[in-house]
Amino acid sequence: MDITQVLLAAQSPDANLRTVAEGNLTQFQEQNLPNFLLSLSVELSNDEKPPESRRLAGIILKNSLDAKDSAKKELLTQQWVSVDPSIKLKIKESLLVTLGSSVHDARHTSSQVIAKVASIEIPRREWQDLVAKLLGNMTSPGASAPLKQATLEALGYVCEEISPQDLEQDQVNAVLTAVVQGMNQTELSPEVRLAAVKALYNALDFAESNFANEMERNYIMKVVCETAVSKEVEIRQAAFECLVAIASTYYSHLDPYMQTIFNLTAHAVKGDEEPVALQAVEFWSAICDEEIALQDEYEGSEDGNSTVHFRFIEKALPSLVPMLLETLLKQEEDQDQDDNVWNISMSGGTCLGLISRTVDDAVVPLVMPFVEANITKPDWHCREAATFAFGSILEGPSVEKLAPLVQAGLDFLLNTMSDANSQVKDTTAWTLGRVFELLHSPAGASPIINNSNLPQIISVLLESSNDAPNVAEKVCGAIYFLAQGYEDAESMSSVLTPYLPNIIAALLSAADRADTTHFRLRASAYEALNEIVRVSHIPETSGIIGQLLQEIMRRLNLTFDLHILSSGDKEKQSDLQALLCGVLQVIIQKLSSTDAKSIISQTADQLMMLFLRVFACHNSTVHEEAMLAIGALAYATGPDFAKYMPNFFTYLEAGLQNYEEYQVCSISVGVVGDICRALEDKILPFCDCIMTLLLKDLSSSMLNRSVKPPIFSCFGDIALAIGENFEKYLPYAMPMLQGAAGLLGTLDQSDDDMVDYGNQLRRGIFEAYSGILQGIKGPKAQLMIPYATHLLQFTEAVFKDRSRDDSVTKAAVAVLGDLADTLGQSSKDLFKTHLFHVEFLRECQAQELDDEVRETAQWAQGMINQAVVVS
């Protein structure tokens, strides 16, 4: 096979030629993978071959080594590992040769492929001479600028792909030396210097011990700061990107350099090109992130003034805030029309918001003079900047500091909603939303919203919901936060009742607007509607909410008649169905938790029919929302839900088997729990199938791990529903629980995500045991004795593990009480053998834990006392 001709034909405009060529490539790949990969690497390395064939050879080679999907990636890794070492050596030599190619695309692709091979081999302690060979290119006397540039690019990509522990310290030192030399001004080629700065960015995670060494750190920081004033814009931008990464990774080492960095960032923000200025602002945002994290970490601890917290933001405040306020005046025309725009004014406002969270009240006197000076100026840029500045500092400072300013300025903000400029209105609506989100507290000492200003607030918001789509979207957000303020004080939401019909009408109208080209206004309107329903005072509003239920059902019914002519039409239909199912779920939950439950029972048949029709449309996002709504309906209808099971069960089965869209699977598991609580033992005819699917889910390596803890909880729900009938599932469920308990010991405790997952898994296991123990309680309780010792050993291990959270503690304590309650005096010897429970329960009752943990511990102690004390 002439690989060149096949690669060219695979890019032919002639579809027939293309199809044949693609088939030939696939056949070659499947029949002789090692030679296929070798042929591609030879093609890529040959400067006499056409650029088009080389480009495709590189792409296929890269895609043969890596994939986004983790299962596919693992398969490709194993395929590479099993290739004959002599062929792998030839491929790697070809790739290294290609770094010296005269063609830029070939060099660039080769550096990427080298990194992909390195990501497989270096962690396996293979290709150990790669770094030395790359460094050899940098020190070779006759090395061309293109070779150096491609080599630095390869080094950067390698550092991006592998972990710091994969390289020895002397290798790291050599890489950093080569990279820093490449950044040096004596290097004449700008392409080489740019590649060097980008490589340093990727290598920073490897430089921990170098940053701990003052001399080495000084040298690295000197070169980065010098590079930040290079004459090339791209190089300056990349240098500031390095400073941002250093701020996040090496905050504790920054103190000696901060004056220099401040001068650099100030110069960049005031006068440099926007890509550089953006990174200069981003540096201060990164410092804020670090200091906010430090404050959160040390909050309430004795070493609150740890030496590692330099308070850089506080020290720079008098110069930093004015610099950022100036950026707010650099808006672009029509930036409010584009959700994806990111410019210096938005970056400056975001940084100002982070600063206000970092220094709290201290930011207010520095910002308010700017607000007052600009808020009434004729130039819209000034008015918008002043409003943006005010909105940006509402999170961080105390309510006492902000409340007087907001109370004084609220009237002004409401009047500004009729400003002549759309951007000013957009920012004002956003600011009103922030006021309601952060400062609106009806039960507080001096509420911002009261009976005298509420009519004007509602009037302005409803009027502005008819404004341009981007403004209307922010207004819907403001209505959402206005309503949310009443969530914890529901009876006080009576003040909204007179306005409810008009608010609902305005939100439905906003959701219906034909001029909305982006989906966000519709979503924002329905989210606000959901919040209005959640906080409504049902004794007064059940009739209004009942009418809304009919309207949303009517709208959902209309979606089935939409003309679907393209995938875009299908997506719009799905998005709308998902939103409407979301509203129905909220209405069902609201009405079913009150005396107005009869409204749901009267419409349940129609609702279920609509949800089943939605399922028939086959779309995962709609599946999620419809499934959640059905869970709410099951709770609302209780045992009557049994009549829907035969038609619904097919879709529930499909959801439980949906490994790819694991959120659908996870929600389906939750709905099984809802149905168990609703139907109790009426779920029994479906349990064999449900348990089989759940056990299969637990055994699957394809299913995202986050679904597995809820599956264990679901075992508990099923056992509670069917009681002693769960006996037949014990031989299958219990080994799964024991296996998962064993897995917990292997999780990486240094990884926060794994610690969280470990806690979810523990809670799921305990909830399963609690449900099974309560379900089996009675004549068949003795069935649980063989599993009791393992359960107590597991609970003791969890007790000794200080990474457990309160929810795990509560679930562990509850299971001890359930064990004693179910086994009675049969558990006496078990509790006398495993005495850890004495200390565990004492700790839970004495500590300043939440009330639920304490009450559960007291109950469990009573159960154990009854079991252990012989009558």
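Being a predicted model, the structure only gives us computed values, none of them experimental. (Residues numbered from 1 in each chain as written. Predicted model: local features only at pLDDT ≥ 70, side-chain atom pairs only at ≥ 80, totals over all residues. Heavy atoms only, no water.)

### Description of the environment of Arg677
Heads up, the rule is: Each helix corresponds to a stretch of at least 4 residues labelled H or I by DSSP, and each strand to a stretch of at least 2 residues labelled E; elements are numbered beginning at the N terminus. Throughout, a contact is declared for two residues whenever any of their heavy atoms are within 4.5 Å. Counted as a polar contact is a pair of N or O atoms within 3.5 Å, where, for protein atoms, one must be capable of donating a hydrogen and the other of accepting one, and residues adjacent in sequence contribute only when both atoms are in side chains.
When you line up the elements, Arg677 lands in helix 32 (residues 662-679). Residues Arg677 and Thr376, 301 residues apart in the sequence, show an inter-C-alpha distance of 59 Å. The contacts of Arg677, once residues within four sequence positions are left out, are Gly670 and Asp717. Reaching out from Arg677, the side chain makes a polar contact with the side chain of Asp674 at a distance of 3.1 Å. Side-chain polar atoms of Arg677 contact the side chain of Asp717, separated by 3.1 Å.

### Notes on the nonpolar core
Cut-off, in case you're wondering: Among the buried residues, those of types Ala, Val, Leu, Ile, Met, Phe, Trp, Tyr and Cys that are joined through side-chain atoms within 4.5 Å form a nonpolar core. Whether a residue is buried, partly exposed or exposed follows from its accessible area with a 1.4 Å probe, protein chains only, as a fraction of its type maximum: under 20%, in between, or over 50%, in that order.
Grouped together as the largest cluster of nonpolar side chains are 310 residues, with contacts concentrated most on Trp284, Ile355, Phe648, Ile718 and Phe726. Of all the elements, helix 16 (residues 274-298) adds the most residues to this core, at 13 residues. If sequence neighbours within four positions are ignored, Phe726 has contacts with Met691, Phe715, Ile718, Ala719, Ala733, Ile772 and Ile776.

### Looking at the packing of helix 18 (residues 344-359) against helix 20 (residues 380-392)
For any two helices packed against each other, one specifies the crossing angle of their axes together with the interaxial distance. We apply this condition: Angular values range over 0 to 180 degrees, each being the angle between N-to-C directions of two axes fitted as lines to C-alpha atoms, with helices fitted over their stretch in contact. Just so you know how the angles are binned, under 35 degrees is roughly parallel, over 145 roughly antiparallel, 65 to 115 roughly perpendicular, and the rest oblique. Here is the rule for handedness: rotate from the far helix to the near one, and if that takes an anticlockwise turn smaller than a right angle the crossing is left-handed, while a clockwise turn gives right-handed. Think of it as three bins: nonpolar holds Ala, Val, Leu, Ile, Met, Phe, Trp, Tyr, Cys and Pro, charged holds Asp, Glu, Lys and Arg, and polar takes everything else, Gly as well.
Put simply, helix 18 and helix 20 touch, their axes get as near as 8 Å, and they point 30° apart. Taken together, the axes of helix 18 and helix 20 lie roughly parallel to each other. The interaxial crossing formed by helix 18 with helix 20 has right-handed handedness. Across from Ser345, Met346, Gly349, Leu352, Gly353 and Ser356 in helix 18, the residues of helix 20 making contact are Phe388, Ala389 and Ser392. Its residues placed into classes, the contact of helix 18 with helix 20 shows four nonpolar, five polar and no charged.

### Structural notes on unusual backbone geometry
Even without being glycine, Arg125 reaches a positive phi, approximately 60°. Along the polypeptide, Arg125 turns up in the loop between helix 7 (104-121) and helix 8 (130-139). A relative accessible area of 42% means that Arg125 is categorised as partly exposed. The backbone of Glu680 sits at a positive phi, close to 50°, despite the residue not being glycine. As for its placement among the helices and strands, Glu680 is situated in the loop between helix 32 and helix 33 (684-699).

### Quick notes on the pattern of salt bridges
Operational definition: Definition used for salt bridges: Asp or Glu carboxyl oxygen within 4 Å of a side-chain nitrogen of Lys or Arg.
Overall, the coordinates contain 33 salt bridges when judged by the stated rule. Here Asp66 ties to Lys73 by a salt bridge, and the two come within 2.7 Å at their closest N and O atoms. Accessibility expressed as a relative area gives 18% for Asp66, which makes it buried. Given a relative accessible area of 34%, Lys73 falls into the partly exposed group. Note that Glu226 is salt-bridged to Lys222, the shortest N-O span being 3.0 Å. Of this pair, Glu226 and Lys222 both sit in helix 13 (residues 214-227), separated by four residues, roughly a single helical turn. Overall, Lys222 belongs to the partly exposed group, its relative accessible area being 44%. Several salt bridges converge on common partners, so that one network encompasses Asp66, Lys73, Lys116 and Glu161.

### Observations regarding the packing of aromatic side chains
How we decide: Only the six-membered ring of Trp is used, alongside the rings of Phe and Tyr, when aromatic pairs are assigned; centres must lie within 6.5 Å, and planes under 30 degrees apart are stacked while those over 60 apart are edge-to-face, with the rest tilted.
A complete count under the given rule lists 19 aromatic pairs for this structure. Taking the centre distance of 5.5 Å and the plane angle of 75° together, the rings of Phe388 and Trp430 count as edge-to-face. Here Trp430 lies in helix 22 (residues 422-439) and Phe388 lies in helix 20, a separation of 42 residues in the sequence. Every member of this aromatic cluster is reached through a ring pair, and the members are Phe615, Phe641, Tyr644, Phe648 and Tyr651.

### Topic: a negative patch on the surface
What counts here: Like charges are joined within 9 Å and nonpolar side chains (Val, Leu, Ile, Met, Phe, Trp, Tyr) within 5 Å, but only among residues with over 30% relative accessible area and no salt bridge; these make up the patches. Methods summary: accessible areas were calculated by the Shrake-Rupley approach with a probe of 1.4 Å, and residue burial reflects only the protein chains presented. Just so you know, the count uses Lys and Arg for positive and Asp and Glu for negative, and it drops His and the chain ends. By convention, charge coordinates are those of NZ in Lys, CZ in Arg, CG in Asp, or CD in Glu.
Residues Asp748, Asp751, Asp752, Asp753 and Asp756 make up a contiguous surface patch of negative charge. Within the secondary structure layout, Asp756 lies in helix 36 (residues 752-776).

### A look at the side chain of Thr603
Inspection of the secondary structure assignment puts Thr603 in helix 29 (residues 597-615). Among all residues touching Thr603, those that are not within four sequence positions of it are Leu549, Gln550 and Met553.

### A few points about helix 25 (residues 500-512)
How we decide: A helix is expected to reach a length of 1.5 Å times the quantity of its residues less one.
With 13 residues, helix 25 should reach 18 Å at 1.5 Å per residue; the first-to-last C-alpha distance of 18 Å fits that figure. Residues of helix 25 that are buried include every one of Leu500, Ile503, Ile504, Ala506, Leu507, Leu508, Ala510 and Ala511, and no others. Close packing links the buried residues of helix 25 with helix 23 (454-464), helix 24 (469-484), helix 26 (520-535) and helix 27 (538-559).

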